[in-house]
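So you can see what is in the structure, the chains are spelled out below.
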Amino acid sequence: MSKKQGGKTMTDKFINTNLGLFYNKPDNSIKTESEDYKVISRHKINKPVVFVGAGTCGYGAGAGKTLESVKNYIHTKKIDIDVVELGCIGLCAAEPIVDVQIPGFNRIAFGHVTEKK
Amino acid sequence: MEIPTDIETLYQFPTENSRSWESVLNFTDYPYFKNQKRFVLQNCGILNPVSIAEYIAFGGYSSYLKTIKSNKPNEVCEMVEESGLRGRGGGGFTTGTKWKFAHNTEADQKYLICNADEGDPGAFMDRAVIEGDPHRLLEGMMLAAYAIGASKSYVYIRAEYPLAIKRLKIAIEQAKKYGLIGENIFGSEIDFEIKVKVGAGAFVCGEETALINSIEGKRGMPKPRPPFPAVKGLFGKPTIINNVETLSCLREIIPTGVEEFKAIGTERSKGTKVFALSGKVNLTGLVEVPMGTTIREVIFDIAGGIPNNKKFKSVQIGGPSGGCITEENLDIEVDYDSLISIGAMMGSGGLVVMDEDTCMVDVAKFFMDFIQRESCGKCIPCREGTRRMLEILEDITHKPVTSSENEALERFKGVTQLEKLGKVIKETSLCGLGQTAPNPVLSTIKWFREEYEEHIFDRKCRANVCTELRTFTIDVDNCTGCTVCAKKCPTDAIIGSRKTPHFIVEDKCISCGTCYDVCKFNSIVIS
Ligand SMILES: Cc1cc2nc3c(=O)[nH]c(=O)nc-3n(C[C@H](O)[C@H](O)[C@H](O)COP(=O)(O)O)c2cc1C
Ligand code: SF4
Ligand code: FES
């Protein structure tokens, strides 16, 4: 699904280090100032991310087609964007919901995003 | 950077060092979310459900790893009991107390089962949690298994949930890869294994003893209790069965959240509850609110009330086992005991909203039809009684064969019979399905008796839902004699010659409404 910036090894290292710390140093908490945290938690992104609400309710409302057209768009325009499939946020009445996060800006959510972009 | 104007903007998520969008509400101020308390759902729809790294970045698996390092299993049972957490699968039994039975039973093997059967029509909370945040459920299962001493566990999930099954399996693989599932977890000498068991989706298989039978490869039929599964369950071993939502609360409670959890809710119902809202309500979807929120707040303040300026009539809570809440009870709090006091129940969390266009007898019939098909057949009162209840409801809502007083009397006996039968079924059925099956009927009779009486005596359905009770006549002043209705009528009930007013033969008319739909001159009158 989503490819993490910096490839697999950074993610693996992040997971193993933090799980180890949780177990061995229970008073320790995640270092939110570290670079890998910022990347994984998407506090810092260097390419746009498109999140598609793709739970069963989202698919029922047409998220499958939305997802496909987002992927097609990215493919034909050859732009570098991460696409993430999400679960249901609860506002099923507004599905398909698509969130967009562009570097430097807050993540913003749009409702009823059928195939158009 | 500008937002395109031809798109519906919802909300934004404030992020450190990032510019915000002008005139876009923050997620937490958005009306639908503002009055919610997202506890179990906090990551749903926000984090990537199949990324263990993202889950960990937001603290995931810290509860589990810290607990197995620093707390003994009995301490964990204590914490959960102290928190006041009660089962979210319907019964509302205190989770910590149930765990202690299993914890205190000596055995060479114990099991944990996550009940993700979710058979109640109108409920989809558990599906959404698994699709949106499967790691939260896994962490909850790990904590529960540790507390009771179970090294093996199952997730019992219905085959109708393919996406949830897929994401759950991915999450399990990820947890295995990083040593959270397997043997000797992080050198703690704890072993833990999770298997996914896909069920065929029978409602009765959500009942715990039937579910155990189903996992054992037997027919999904309930067994008498005791012995309770906590003492003698799956393969005869101590087994704890918990609902998806119950388990998904745990990482917020253990090891440090007991006080915070206790502070939310009412005297005897703590924490939050997730509801799946459907039916005649503006914003259908998932809502998570603190216990103690009123049903009115959920339907009107959060979900935006009833569409098209229609009047609210009732809301069905707890699906086929539950009851209805009427206008006068709308200020009831979400609380296990208060809901029971008005003849309803918490149930698993389905809320079906009904407006003035809904017929309550028809609603009762819908649930009775469901139950009557889902009864496993073991107990005669449940198997035959629910069938008979359905037949009576059908008599009430269908066209009379004759219009004699006698028949009306038979029908009137119907309601008394429904009440009597309901009582017997409740008292003599083995499992919760039969014990609660008459609830939708009894509760609609209690609150909407006049609608039953209208159906019986006046042969009228005020919502015009029971189509067979309509009578159709032709307004001779409007009728041009075009013959369209006569041609379309499936039973040839309309007579008359071309260019002269037509006439409907009442005995032949089956009240299908075809003539009403096809007449271009508005000359068909429904009464
Ligand atoms: C007919 C019937 C269906 C049930 N269906 C479910 C279900 O789909 N999911 C669920 O969690 N509990 C269901 N239950 C309740 C379970 O038997 C059991 O009480 C529950 O899973 C215990 O978990 P909890 O203590 O976490 O609520 C059902 C009970 C009955 C009688
Ligand atoms: S009450 Fe109904 S569903 Fe339950 S065991 Fe008896 S027949 Fe089966
Ligand atoms: S037959 Fe009467 S309006 Fe058509």
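Looking at the overall build of chain A
- Scanning chain A from terminus to terminus reveals four helices and four strands.
- Secondary structure of chain A in N-to-C order comes out as α-α-β-α-α-β-β-β.
- Principal axes of the C-alpha set define a box for chain A whose edges measure 50 × 30 × 25 Å.
- The burial tally for chain A puts 51% of its 117 residues in the buried class.
- At a minimum sequence separation of 6, the contacts of chain A that also span at least 24 residues come to 59%.
- Carbon and sulfur atoms make up 53% of the accessible area of chain A, which totals about 5500 Å².

Overview of the site of ligand 2
- Close to ligand 2 lie 13 residues; C376, K378, C379, C382 and C431 of chain B are nearest.
- Residues belonging to the shell around ligand 2 are distributed by class as follows: eight nonpolar, four polar and one charged.

Observations regarding the packing of aromatic side chains
- Scanning the entire structure with this criterion turns up 17 aromatic pairs over all chains.
- Ring centres of Y11 of chain B and F33 of chain B lie 5.6 Å apart, and the angle between their planes is 90°; on these two criteria the pair is classed as edge-to-face. Here the residue Y11 of chain B occupies a position in strand β1 (residues 8-13), and F33 of chain B occupies one in helix α1 (residues 31-34), the gap between them amounting to 22 residues. Pair check on accessibility: Y11 of chain B and F33 of chain B agree, each one buried.
- An aromatic cluster is built from Y11, F13, F27, Y30, Y32 and F33 of chain B, whose rings are joined through pairwise contacts.
- A cation over an aromatic ring shows up here: R107 of chain A above the ring of F51 of chain A, its NZ or CZ 3.6 Å from the ring centre.
- Lying across the ring of F275 of chain B, K273 of chain B places its NZ or CZ 5.8 Å from the centre.

Focus on the side chain of R136 of chain B
Residue and element names in this part refer to chain B.
- Relative to the elements of secondary structure, R136 occurs in helix α7 (residues 134-148).
- Residue R136 is classed as buried on the basis of its relative accessible area of 1%.
- Within the structure, R136 has its side chain in polar contact with the side chain of D133 (distance 3.0 Å).
- For R136, the side chain forms a polar contact with the main-chain oxygen of S248, separated by 3.5 Å.
- Setting aside its immediate chain neighbours within four residues, R136 contacts F39, V40, Q42, N43, Y55, S248, R251 and E252.

What to know about the confidence of the model for chain B
- Per-residue confidence for chain B gives a mean pLDDT of 93; residues scoring 70 or more make up 99%.
- Note on the complex model: pTM 0.91, ipTM 0.91.

Quick look at the interface of chain B and chain A
- If you look at the interface, chain B gives 64 residues, while chain A gives 54 residues.
- Broken down residue by residue, the surface that chain B buries against chain A is led by W21, I56 and Y178 of chain B, which jointly contribute 11%.
- For the pair chain B and chain A, the interface holds three salt bridges.
- With its nearest N and O atoms 2.8 Å apart, the salt bridge here joins E54 of chain B to R42 of chain A.
- Linking chain B with chain A are 21 residue pairs in polar contact (both at pLDDT 80 or more).
- At the level of secondary structure, the elements contributing two or more residues to the side of chain B that touches chain A comprise β1, α1, α2 (52-57), α3 (62-70), α6 (125-132), α8 (162-177) and β7 (285-290) of chain B.
- Its residues assigned to classes, the side of chain B that touches chain A comprises 34 nonpolar, 18 polar and 12 charged.

So, the domain arrangement of chain B
Residue and element names in this part refer to chain B.
- One can read the domain layout of chain B as domain 1 (1-34), domain 2 (38-262), domain 3 (272-355), domain 4 (360-458) and domain 5 (470-526).
- Taking only C-alpha atoms, the centre of domain 3 and the centre of domain 4 are 24 Å apart.
- Each partner contributes to the interface: domain 3 provides 15 residues, whereas domain 4 provides 15 residues.
- For the domain 3 face of the interface with domain 4, the top three residues by lost area are K313, P320 and C324, together amounting to 42%.
- Between the two partners, domain 3 and domain 4, sit four residue pairs in polar contact (both at pLDDT 80 or more).
- Every element with two or more residues in the side of domain 3 that touches domain 4 is listed here: β8 (312-317) and β9 (323-326).

Structural notes on helix α5 (residues 95-104) of chain B
All names here are of chain B.
- Along α5, the residues that are buried comprise T95, G96, K98, W99 and A102. One side of α5 holds all its buried residues, which, seen down the axis, span an arc of 160°.
- At its buried positions, α5 is contacted by α4 (73-83), α7, α9 (208-215), β5 (239-243) and α10 (244-253).

Regarding the side chain of S314 of chain B
- By the element assignment, S314 of chain B lies in strand β8.
- When its relative accessible area of 0% is taken as the criterion, S314 of chain B is described as buried.

As for the site of ligand 1
Residue and element names in this part refer to chain B.
- Around ligand 1 lies a shell of 18 residues, among which G89, E118, N242, N243 and T246 are the nearest.
- K98 places a polar side-chain atom, nitrogen or oxygen, 3.1 Å from an oxygen atom of ligand 1.
- A distance of 3.2 Å is found between an oxygen atom of ligand 1 and a backbone nitrogen or oxygen belonging to E208.
- With respect to the pocket detection grid, ligand 1 is positioned in the largest pocket.
- Elements represented by at least two residues in the shell around ligand 1 include exactly β5 and α17 (432-436).

Here we look at the sheet that holds β9 of chain B
All names here are of chain B.
- Pairing is mixed across the open sheet formed by five strands, whose spatial order is β7-β6-β10-β8-β9. Across the chains shown, the open sheet's two edge strands, defined by having one partner strand only, are β7 and β9. In this sheet, neighbouring strand axes are inclined to one another by 30° on average, regardless of whether the strands run parallel or antiparallel.
- Sheet topology note: the strand β6 (residues 272-279)/strand β10 (residues 350-355) ladder contains four bridges and is parallel. Bridge assignment links G279 to a residue of β10, and that residue is V353.
- Across the face of the sheet, α6 comes into contact with β6, β7 and β10 while running at roughly 110° to β6.
- Along the sheet, helix α12 (residues 295-302) contacts β6, β7, β8, β9 and β10; its crossing angle with β8, the most-contacted strand, is approximately 120°.

Looking at the layout of surface pockets
Residues and elements named next belong to chain B.
- The computed volume of the largest pocket comes to approximately 1300 Å³.
- Lining the largest pocket are 49 residues, with G89, G90, G91, G206 and E207 positioned closest to its centre.
- Elements represented by at least two residues in the lining of the largest pocket include exactly α5, β5, α13 (336-341) and α17.
- It is β5 that contributes the most residues to the lining of the largest pocket, five residues altogether.
- Of the residues assigned to the lining of the largest pocket, the class counts are 17 nonpolar, 21 polar and 11 charged.
- In terms of lining residues, the second largest pocket is bounded by 22 residues, among which F13, F27, Q42, I46 and F58 are the most central.
- Looking at side-chain class alone, the lining of the second largest pocket contains eight nonpolar, nine polar and five charged residues.

Rules behind the numbers
Residues numbered from 1 in each chain as written. Chains lettered and ligands numbered in written order. Predicted model: local features only at pLDDT ≥ 70, side-chain atom pairs only at ≥ 80, totals over all residues. Heavy atoms only, no water. Helix = DSSP H or I, 4+ residues; strand = E, 2+ residues; numbered from the N terminus. Buried < 20%, exposed > 50% of the residue type's maximum accessible area, 1.4 Å probe, protein only. Contact = heavy atoms within 4.5 Å. Areas by Shrake-Rupley, 256 points an atom, 1.4 Å probe, with all protein chains shown as cover. Near = heavy atom within 4 Å. Nonpolar A, V, L, I, M, F, W, Y, C, P; charged D, E, K, R; others polar. Phe/Tyr/Trp six-rings, centres within 6.5 Å; stacked < 30°, edge-to-face > 60°. Lys NZ or Arg CZ within 6 Å of the ring centre and 35° of its normal. Polar contact = N/O pair within 3.5 Å; in protein donor to acceptor, adjacent residues only side chain to side chain. pLDDT = per-residue confidence, 0-100. Buried area = accessible area lost by both parts, 1.4 Å probe. Salt bridge = Lys/Arg side-chain N within 4 Å of Asp/Glu carboxyl O. Domains from an automatic or database assignment. Arc of directions from axis to C-beta. 1 Å grid on protein atoms, 1.4 Å probe; cavity = no way out; pocket = protein on both sides within 12 Å on 5 of 7 lines; lining within 4 Å. Sits in = over half its atoms within 2 Å of the grid points. Pairing = 2+ DSSP bridges. Axes fitted to C-alpha atoms, helices over the stretch in contact; angles between N-to-C directions. Points joined across faces, edges and corners; volume = space filled by probe spheres on them.

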